Structure formats: structure tokens, C-alpha cells
Amino acid sequence: MQRKDTGGRRGRTGYDVESVLDELYATPPTDFVSRREAQAAAARTAGHAEDARRIHAARRPTRAAWAANLLLRSQPQESTRFLELGQALREAHRTLDAAGLKELSAQRRSIVSALSRQAARLARDAGQPLSDAAQREVESTLRAVLADPDAADRWAGGRLESALTPPSAFPSGTDTSAASARRRASRPAAPSAARGTRSRDELAERRRRRREELARAEEAAEAASRRLRDRHAEHTDAESSLRRTHDNQEEARQRVSDAERRLRQAQQELERAERERREAEERARTAADALAEAEREAREAARKVERLAARVT
């Protein structure tokens, strides 16, 4: 299955941002934000600032979009045949080939059903089971891929961020009334019939524009919801980081407090030792003076004894 060239570049260091983005959109939505930030940080560290900005700008896909991306990568042969079926259906619709439409539409229904089940199984095996609403969005995306070449190109890129909506003008396939109506519309009509046709065409055009506006509004709402989920995830990560920083600060503050307390104790012990040293020095001086006085008295007593002994003799 060929992939569109999205402008990837591989530098001298072998860094390939397109491969990084492909791997990122294969990451389960619950791990998308943390993986994206890690990859952006790695790109910045490696000196790829522009690639880091591209990675950081990647939006987390909805679970249905992620499942559609996962299906594309996990079932390349089936995905290629599915894209070829869509091309054949669109060609049959353009050429008003009623028999071809009937045959291809039967394949469309069975293949869409089979592929949507495969996407649900792949998501479940990856620990990300799809809700009923998400599986319907996968089916809607697959129908859009068959009906709309732009949708086919987006899915083939493997980086859907939200589910795709098929155009309402795609033929139902089992009846040829649309083809017959287009043949009748190509014939000259009477003035009154032409006016009625123009009124119906104008009404159909207004309805088509309203459906397109609704589809754009739904896509914008989904994008806003996706951004909100990303902001919630980033806010949760920031709060966790803040709590860790606060805990580290408290631990550091406690260590400083303990160190200050030990320093005060050491200073008090030093002051007490200084006082004891001064007191010991004072006692030593007093003892030295007393010793000197005792020695003087002893010498005088000895001389007195000698004098008295001399007189006696």
C-alpha cells in the first residue's frame, strides 16, 4: 500500500520525523500525550527544533480515528484492496454503470462490516476496546473512504485525528434510480418541468450546504473536544509535576531545618566547651598560684628549721 509523501526528511543523523509521527499515531490515545511530549523533547535535545514543533503540534486522535489508523497499519493488504474498491465504486458512479454499482456496493457492505469488526478486535487486543458509538464512527470513516477520494487520501496517510463522515451524495448502490434520474435530467425538459427541476435542485443544494455546514461544525466541535481532552491531560500532568515538586521542596525544607537544628546544637556545645575551657584554665591558674605559695611557705619553714637547729647545736 502506497503512502503519500508528507514531506519527511532524514538528516545525517538518521532522524526521521515522519517515522516518529507514524509511530505516534499508532500509540493508544491514553498514552498519546506523554509519548508525544517525550518524542518532542528528544527531537529538541537532538537539535531538530522544527521537527519538535511538528511533533508537539500533533493532535491526539479519538479512539475511533486511532482504531482506523491501527487497521490501516495492521492490515495493509486488506486496506489496499479497500482503497481500490473505493476507487472502482467512484468510477462506476461517475460513468453511471448501474450493474457495476450494484456488484461493487454488495462488496462495500460486506467489506465495511468485516473491516470494522477487525478494527474493533485490534483495538480490544491493544487494551483499548471500542464503544458502540466509536465502532459506528469507524464504519462511518470506512464509508467515507469509499465515497470520497480526499477521505481515502487522509486515511491512507495513517494519521487521522477524528472520524470521517461520508458524503450524502454517494449512491446507495442496490438501485439505479439515481443513475436513471441523472439520465433524465440530461434530457431537454418542458419550461414548467424545468422550473420544478430548478426548485428541487435549489432545495437539494441548500440541503447539501446545510449538511456540509453541519459536518464542518461537528468536525470543529470534535476538534475542540479533542483539544479540551489534551488540555485536561496536560493539566493533570502539570498538577502531578507540581505535587512532586512540592513534595521535593518540603523534603528539602525539612533537611535544611534538621541541618539548622544540628548546627544550633553544635554551636551550643562549642560555647559550652569554651566556657569549660576557660573555667579549667582559671582553676589551673589558681592551683598554680596556690602551689607557688605552698612552695614558698615550705622553703621558709625549712629555713626556719635550719636556723633553730643551728642554735640548738
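The coordinates are above.
Let me sum up the structure you'll find in this document. The model shown is predicted, which means the values in this text are computed figures rather than measured ones.

Quick notes on the packing of helix H5 (residues 76–94) against helix H8 (residues 149–156)
Right, so step 1: Where H5 meets H8, the closest approach of the two axes is 11 Å, and the angle between their N-to-C directions is 170°. Taken as axis vectors, H5 and H8 run roughly antiparallel relative to one another. Along its contact with H5, which presents Ser79, Phe82, Leu83 and Arg90, the element H8 presents Pro149, Ala152, Trp155 and Ala156.

Quick look at helix H7 (residues 132–147)
Right, so step 1: A rise of 1.5 Å per residue sets the reference length of H7, with its 16 residues, at 22 Å; its end C-alpha atoms lie 23 Å apart and thus fit the reference within 8%.
Right, so step 2: Ala134, Val138, Ser140, Thr141, Leu142, Ala144, Val145, Leu146 and Ala147 are the residues of H7 that are buried.

So, the side chain of Thr141
Right, so step 1: Looking at where Thr141 falls in the secondary structure, it is placed in helix H7.
Right, so step 2: On the basis of relative accessibility, which here comes to 1%, the residue Thr141 falls in the buried class.
Right, so step 3: Setting aside its immediate chain neighbours within four residues, Thr141 contacts Ala68, Leu160, Ala163 and Leu164.

Focus: the side chain of Arg90
Right, so step 1: Within the secondary structure layout, Arg90 lies in helix H5.
Right, so step 2: Of the buried charged residues, Arg90 lacks a salt bridge, with Asp148 as the closest side chain of opposite charge at 6.6 Å.
Right, so step 3: Polar contacts involving the side chain of Arg90 include one to the main-chain carbonyl oxygen of Leu146, which spans 2.8 Å.

Analysis parameters
Residues numbered from 1 in each chain as written. Predicted model: local features only at pLDDT ≥ 70, side-chain atom pairs only at ≥ 80, totals over all residues. Heavy atoms only, no water. Axes fitted to C-alpha atoms, helices over the stretch in contact; angles between N-to-C directions. Helix = DSSP H or I, 4+ residues; strand = E, 2+ residues; numbered from the N terminus. Parallel < 35°, antiparallel > 145°, perpendicular 65-115°, else oblique. Contact = heavy atoms within 4.5 Å. Expected span 1.5 Å × (residues − 1). Buried < 20%, exposed > 50% of the residue type's maximum accessible area, 1.4 Å probe, protein only. Lys, Arg positive; Asp, Glu negative; His and termini not counted. Salt bridge = Lys/Arg side-chain N within 4 Å of Asp/Glu carboxyl O. Polar contact = N/O pair within 3.5 Å; in protein donor to acceptor, adjacent residues only side chain to side chain.

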